[in-house]
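The lines below spell out each chain.
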Amino acid sequence: MYGVINLLSIKGVFKNFGGLAALQNVNLNVRQGEIKALIGPNGAGKTTLLNIISGIHRLDKGEILFKDEKINNLPPSKIANKGISRTFQHVELFGNMTVLENIMVGFYARNKTSFFMDGFKFSFITDSEKKIYKKSREFLEYVKLGHKINEIALNLPIGEQRILEIARALATEPGLILLDEPAAGLNIRETRELGEIIKRIREELGITILLVEHDMELVMNISDSVAVLNFGEIIADGTPMEVQKNRDVIVAYLGEEEEVQPGYNVNT
Amino acid sequence: MKKEDFMVFIVFFIFVGLLPLFIESNYALTIGIFSGINALVAIGLCILMGYAGQVSLGQAGFYGIGAYVSSILSVYYGFPVILGILSAMIVSAIAAVVLAVPALRLKGHYLAVATLGFGEIIYVILNEWGPGGPSGFGDIPHFNIAGYSIQTTKESFYFIWIIVAIVMLYSINLTKSNTGRILRAMHDSDTACEAIGINVPLLKIKVFILSALYASLAGSLYSHYVTFISPSSFSLFYSILILMMVIVGGSKNLWGAVAGAIVITVLPELLRKFQELDILVYGFILTLTLMFFRKGLVPIISEKIKNVRGYKFAKH
Amino acid sequence: MLTVFLQFLFSGLTIGAVYALVGIGFNIIYNSTSIINLAQGEFVVIGGLLMWFFSESLKLPFFAAVLCTLISSGLVGLLIERLTIKPLKNPDLLLMIMITISVSIVLRGVLMFLFGKEPYVYPPFTEGEPINIYGAIIQQQTLWVISITLFCIILLFLFFKRTITGKAMLACAVNPTAAKLAGVNVSKMVMLSFILSAIVGAIGGMTITPISLMEYDKGPMLSVKGFCAAIMGGLGSNRGAVIGGFIIGILESMTAGYVHSGLKDAVALVILLLILFFKPSGIFITKSMSQLRKF
């Protein structure tokens, strides 16, 4: 289903926040074409890791390679232009713009225009504008938001906001997309739909996905591999089955004293 | 740009062009000229504030640079007026970069106070080192090109409003394009913009430059029209006036800036009787607009028009 | 040499005390609402002009005039909050900035309408010989300004640290929702912060007017300098605002004295921009503290 080439390699990454170690020697590989989940208890450093990959935080030590190119400590926009797009735990949409406009802005990354020259293009609608419009419509149909193109993004229910945010990330035509708790705040039906969309993105668009998620059912259903982060360290990395059986993981989630049955399932 | 935008543009400027045929009084035309000059500054602030979401209380600074640099160059160094204006625009652009680069991290109140501080520093500089100090200087040449000098009120009126039309056309085009959309996106979320590959700091610097260029151009045109300038025209009060124009007209719409500029420029002339009350009247207008007509004049009126039209269509 | 220096130092301390009060006024409102009230300088002007009105025009006895001034300034603060801040529904930041600016314009307009454009002055609080320190002449009013300022600061400190109301006001700033859940009447605290801040500003105006005169349009500059004082020590910290206020006052008076009087205002502005650009969290604040702040 996926190759053996590492699309993203995180090597020995350390990050401190004012003396508090958020990440300690994190090593993680995301292979081309896979859906990789990053799980772990609250405060384990999952979002910090995503923020470091996407350039929001600088790392203290270590390196991050994307397509064998060092990308650590580049500004977020540069990293996005290299092909890593993301969504946020607290949805970051362009709230006052329409659904369609949100996507059209997403296409900007691949269709840059010159700021000052834009005012001189005296045609009613430029060709690139038409192209972006058409592509955006197609995209919204693809994620099943086609009937809501003219709605203001803020007025969408949270489930659709999350899908819109993913669609906008896709519009930048990334190689890798980082999803930060995409199922937070969604009900069971919405979460299933989200899972379907994530799978389709990988299968039909060939985009690699790294997601941070608390919803174990979603994680175990869609991921090819799962890494577990606890107190800033990776304590397990493997297939969903392997991770579920890993003793360290069970301890991290449930605590040391628990009497653990063999084959205990984390997602129950 | 959409066809409707262009139609509104054509209708408005034909209307403005016809005005001098019906208005004989030079006094009324002069107010028209000042409205046009203020509109230029307001359009710039509208793009900066309404679209990109960056507050500025320092537009008077760029306006002052425009007026002083081009006047000084033409009076004391014999520059042709047009060259003086262009040089002033370059100086303003540089000043905008100097202000914008360190101000990038600032938002909201901090940005407001930083830009206010910038404007006041320019004001202090003009007072201290400008020719004539606080009393200013005169004998500034009228705008002239290829030996033809624009002197009469009527000529000046057309000249200024043609420039407003050009600037407006450029600005509508810009704001309705990809760039305009990105500016509005930045207004909503810096973080999301960065995440989809937009270089937010660079974009902010560019908008600051654009608004500074407009203000500078307006300042130069002002000085070459009135031919006498003193620092008092470039104080904090002017920055606030421009802000008021943008808000009263409607900050999310370029026509709002133009309408606001006309209203706020004409208003004190209508209120001549209560001349001591101008600040109070301004204050009330601004406060009431903010509290009850947050969108501003133009959006409210255009919504009304749309409703009426919608009603007519429904009847047929 | 020393005489001149001391003279400048004392005039700097005097005006610095007023900046400190304006800075504290910013802090009080900021701490309970996260609003930066750009009409803060107008409160100082109101204090000065009302004091003139009550003591010179109505010829009220000194303490009655002081009391009337404080009460009416408080009322102005109350009206501003109830008429402009409270009615705003889900305001964005831009609107908040605009509204305080527009309030300041209204206040200036009203002041000009009531008092005209000329400067006002009234006699110092106590008549008496100026004090002579190494040849520098220090008027008694100067001592009044500085000591009243210090007294205010101590009172405010006790208010915020020792009283339930004071603590509740601070709680509103940190987390309004949590404060509400804990039973704090947030709306009342916001109102109180405006009243308090107006009174603090008015005290500055009342004390400084006999020295530096007061006119309707002094507000914006006072706001800018007070804001400068407030951010120098980190917005929200009263101790910082006091130190910041005195530093700006002294630098300003030294510049006016030793360099050029026209550059007096530029000093505060340049300091303001430097702080905003390079250390907007304040220069007395550590790095880890500043990371917790939003700009």
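Here the residue index of a chain counts from 1 through its sequence in written order. For naming, the first written chain is A and the first written ligand is 1, with later ones following in the order written. Since the coordinates come from a predicted model, pLDDT governs what is reported: local features require at least 70, and pairs of side-chain atoms require 80 or more to be given and counted, while whole-chain, interface and lining totals use all residues. Side-chain metrics rest on all non-hydrogen atoms present in the structure, leaving aside hydrogens and water.

(A) Representation of the sheet that holds strand E5 (residues 69–70) of chain A within the structure. Residue and element names in this part refer to chain A. An order of E2-E1-E4-E5 is seen for the four strands of this open sheet, with the pairing classed as antiparallel. With one partner strand each, in any of the chains shown, strand E2 (20–31) and E5 form the two edges of the open sheet. Judged from the five bridges that link them, strand E1 (residues 6–17) and strand E4 (residues 61–66) form a sheet pairing that is antiparallel. When the bridges of E4 are listed, Ile10 appears paired with Ile64. Throughout, a residue-residue contact means that at least one pair of heavy atoms, one from each residue, lies within 4.5 Å. For helices, the axis comes from a line fit to the C-alpha atoms of the stretch in contact; other axes are also lines fit to C-alpha atoms, and the angle between any two N-to-C directions lies between 0 and 180 degrees. The secondary structure listing takes helices from DSSP runs of H or I that are at least 4 residues long and strands from runs of E that are at least 2 residues long, numbered from the N terminus. Across the sheet, helix H1 (residues 46–53) touches E1, E2 and E4, and the angle it forms with E1 is around 115°. Two strands pair if DSSP finds at least two bridges between them.

(B) Region of the structure containing helix H6 (residues 164–174) of chain C. Residue and element names in this part refer to chain C. Within the span of H6, buried status applies to Gly166, Ala168, Met169 and Cys172. The buried residues of H6 all sit within an arc of 160° when viewed along its axis, so they share a single face. Away from the buried face of H6 by more than 90 degrees, exposed residues Ile164 and Val174 are located. Only protein chains enter the area calculation, which uses a 1.4 Å probe; residues under 20% of their type maximum are buried, those over 50% are exposed, and those in between are partly exposed. Relevant arc is that of directions from the helix axis to the C-beta atoms, nothing else.

(C) Region of the structure containing the interface of chain A and chain B. Contacts between the two partners involve 39 residues from chain A and, on the opposite side, 33 residues from chain B. Both faces combined, the contact of chain A with chain B buries some 3,000 Å², and carbon together with sulfur accounts for 64% of it. The salt bridge criterion pairs a side-chain nitrogen of Lys or Arg with a carboxyl oxygen of Asp or Glu, the two atoms within 4 Å. Linking chain A with chain B are two salt bridges. Here Glu129(A) makes a salt bridge to Arg181(B), at a shortest N to O gap of 2.8 Å. Whenever a nitrogen or oxygen atom comes within 3.5 Å of another N or O atom, the pair is scored as a polar contact, on the condition that within protein one atom can donate a hydrogen and the other can accept it, and that pairs from neighbouring residues in sequence are kept only if both atoms are in side chains. Inspection of the chain A/chain B interface yields eight residue pairs in polar contact (both at pLDDT 80 or more). Elements with a contribution of two residues or more to the side of chain A that touches chain B: helix H2 (76–82), strand E6 (84–86), helix H3 (99–106) and helix H4 (127–142) of chain A. Classification convention: Asp, Glu, Lys, Arg as charged; Ala, Val, Leu, Ile, Met, Phe, Trp, Tyr, Cys, Pro as nonpolar; all other residues, Gly among them, as polar. Considering only residue class, the side of chain A that touches chain B consists of 19 nonpolar, twelve polar and eight charged. By buried area we mean how much accessible surface two parts lose on assembly, using a 1.4 Å probe and totalling the loss over both.

(D) Layout of the interface of chain B and chain C. Taken residue by residue, the interface counts 40 residues in chain B and 50 residues in chain C. In total, chain B and chain C occlude about 3,800 Å² of area from one another, counting both sides; carbon and sulfur atoms represent 79% of this. At the junction of chain B with chain C, the criterion picks out zero salt bridges. Between chain B and chain C we count two residue pairs in polar contact (both at pLDDT 80 or more) in total. Among the elements of the structure, helix H4 (81–103), helix H5 (108–129), helix H10 (236–249) and helix H12 (278–292) of chain B are those that each provide at least two residues to the side of chain B that touches chain C. Tallying contributions element by element places H5(B) first for the side of chain B that touches chain C, with 14 residues. A per-class count over the side of chain B that touches chain C returns 28 nonpolar, five polar and seven charged.

(E) Layout of the packing of helix H3 (residues 59–76) of chain B against H4(B). Residue and element names in this part refer to chain B. Closest axis-to-axis distance for the H3/H4 pair is 8 Å, and the angle between their directions is 145°. As for how H3 packs across H4, the hand of that crossing is right-handed. Contacts from Phe62, Ile65, Gly66, Val69, Ser70 and Leu73 in H3 reach Gly84, Ile85, Ser87, Ala88, Val91, Ser92, Ala95, Ala96 and Leu99 in H4. Along the lines of polarity and charge, the residues of the contact of H3 with H4 split into ten nonpolar, five polar and no charged. Working rule for handedness: look at the near helix, and if it is turned counterclockwise from the far one by less than a right angle, call the crossing left-handed; if clockwise, right-handed.

(F) Examining the pattern of salt bridges more closely. Applying the stated criterion to the full structure yields 21 salt bridges over all chains. Ionic pairing is found between Arg189(A) and Glu193(A), a salt bridge with its closest N-O pair at 2.9 Å. Remark: Glu193(A) and Arg189(A) occur in helix H6 (residues 188–205); sequence separation between them is four residues, near one turn of the helix. As a salt-bridge pair, Asp265(C) and Lys225(C) come within 2.6 Å of each other at their nearest N and O atoms. Pair noted here: Asp265(C) is in helix H11 (residues 264–278) and Lys225(C) is in helix H9 (residues 219–232), with a separation of 40 residues, a long-range link. Look at Asp265(C) and you get partly exposed, because its relative accessible area is 23%. Exposure remark for Lys225(C): the relative accessible area of 4% places this residue in the buried category. When salt bridges with common partners are traced through the structure, they connect Arg202(A), Glu203(A) and Asp224(A) into a single cluster.

(G) Representation of the environment of Gly166(C). Residues and elements named next belong to chain C. Along the chain, the position of Gly166 falls in helix H6. For Gly166, a relative accessible area of 0% translates into the label buried. Along the backbone, Gly166 and Ser253 are 87 residues apart, and their C-alpha atoms lie at a distance of 35 Å. Those residues within four positions of Gly166 in sequence are excluded, and the remaining contacts are Phe159 and Phe160.

(H) Fine view of helix H5 (residues 158–171) of chain A. Expected helix span is taken as 1.5 Å per residue step, with the number of steps being one fewer than the number of residues. A rise of 1.5 Å per residue sets the reference length of H5(A), with its 14 residues, at 20 Å; its end C-alpha atoms lie 20 Å apart and thus fit the reference within 8%. Among the 14 residues that make up H5(A), 13 are buried, leaving the element largely enclosed by the rest of the structure.

(I) Region of interest: the packing of aromatic side chains. Residues and elements named next belong to chain B. For this analysis, a ring pair means two rings from Phe, Tyr or Trp (six-membered ring only for Trp) whose centres lie within 6.5 Å, classed as stacked if their planes differ by under 30 degrees, edge-to-face if by over 60, and tilted for the remaining angles. Enumeration according to the criterion identifies 33 aromatic pairs over all chains in this entry. Between the aromatic rings of Tyr222 and Phe234, the centroid separation amounts to 6.1 Å while the plane-to-plane angle is 85°, which identifies the pairing as edge-to-face. Of this pair, Tyr222 sits in helix H9 (residues 200–226) while Phe234 is found in the loop between H9 and H10, placing the two residues twelve residues apart along the sequence. The buried category is assigned to Phe234, whose relative accessible area is 2%. Clustering of aromatic rings is evident, with ring pairs tying together Phe34, Tyr63, Tyr68, Tyr76, Phe137, Tyr222, Tyr225, Phe234 and Tyr238.

(J) Spotlight on the arrangement of the chains. Counting contacts across all two pairs of chains that touch, the top-ranked interface belongs to chains B and C. The two partners chain A and chain C share no contact, and the minimum distance between any of their C-alpha atoms is 6 Å.

(K) Representation of the confidence of the model for chain C in the model. Residue and element names in this part refer to chain C. Predictor confidence is given residue by residue as pLDDT, running from a minimum of 0 to a maximum of 100. Overall, the predicted model of chain C reaches an average pLDDT of 87, with 96% of residues at or above 70. For the stretch residues 287–295, pLDDT sits under 50, and the model shows eleven contacts to residues farther than four places along the chain or on other chains. Reported confidence for the predicted complex is 0.83 by ipTM and 0.88 by pTM.

(L) Expanded view of the packing of H10(B) against H12(B). Residue and element names in this part refer to chain B. Look at H10 against H12: their axes get within 10 Å of each other, and the N-to-C directions meet at 40°. Between H10 and H12, the interaxial angle falls into the category oblique. Relative to H12, the crossing made by H10 is left-handed. Across the interface between the two elements, Phe237, Leu241, Met244, Ile247 and Val248 of H10 pack against Tyr282, Ile285, Leu286, Thr289 and Leu290 of H12. Of the residues that constitute the contact of H10 with H12, the class distribution is nine nonpolar, one polar and no charged. Reported orientations rely on four angle classes, namely roughly parallel under 35 degrees, roughly antiparallel over 145, roughly perpendicular from 65 to 115, and oblique for the rest.

(M) Summary view of the domain arrangement of chain A. Residues and elements named next belong to chain A. Split into domains, chain A comes out as domain 1 (1–83 + 174–268) and domain 2 (93–173). Between domain 1 and domain 2, the residue contacts involve 20 residues of the former and 15 residues of the latter. Of the roughly 1,500 Å² buried between domain 1 and domain 2 on both sides combined, carbon and sulfur atoms contribute 63%. Where domain 1 meets domain 2, there are zero salt bridges. In this assembly, domain 1 and domain 2 are joined by five residue pairs in polar contact (both at pLDDT 80 or more). When residues of the side of domain 1 that touches domain 2 are traced back to their parent elements, those giving at least two are strand E7 (176–180) and H6. For the side of domain 1 that touches domain 2, the leading source of residues is H6, giving seven residues. Domain start and stop points were drawn from an automatic or database domain assignment.

(N) Expanded view of the nonpolar core. Remark: nonpolar core denotes a set of buried residues (Ala, Val, Leu, Ile, Met, Phe, Trp, Tyr, Cys) joined through side-chain atoms within 4.5 Å. Judged by nonpolar contacts, the single largest core of 214 residues is most densely connected at Phe13(B), Ile43(B), Met168(B), Leu183(B), Met244(B), Trp255(B) and Leu276(C). Of all the elements, H9(B) adds the most residues to this core, at 16 residues. Leave out the neighbours within four places in its chain, and Phe13(B) touches Trp161(B), Val164(B), Ala165(B), Met168(B) and Trp255(B). By size, the runner-up hydrophobic cluster in this structure holds 46 residues, among which are Leu170(A), Ile201(A), Ile209(A) and Leu211(A).

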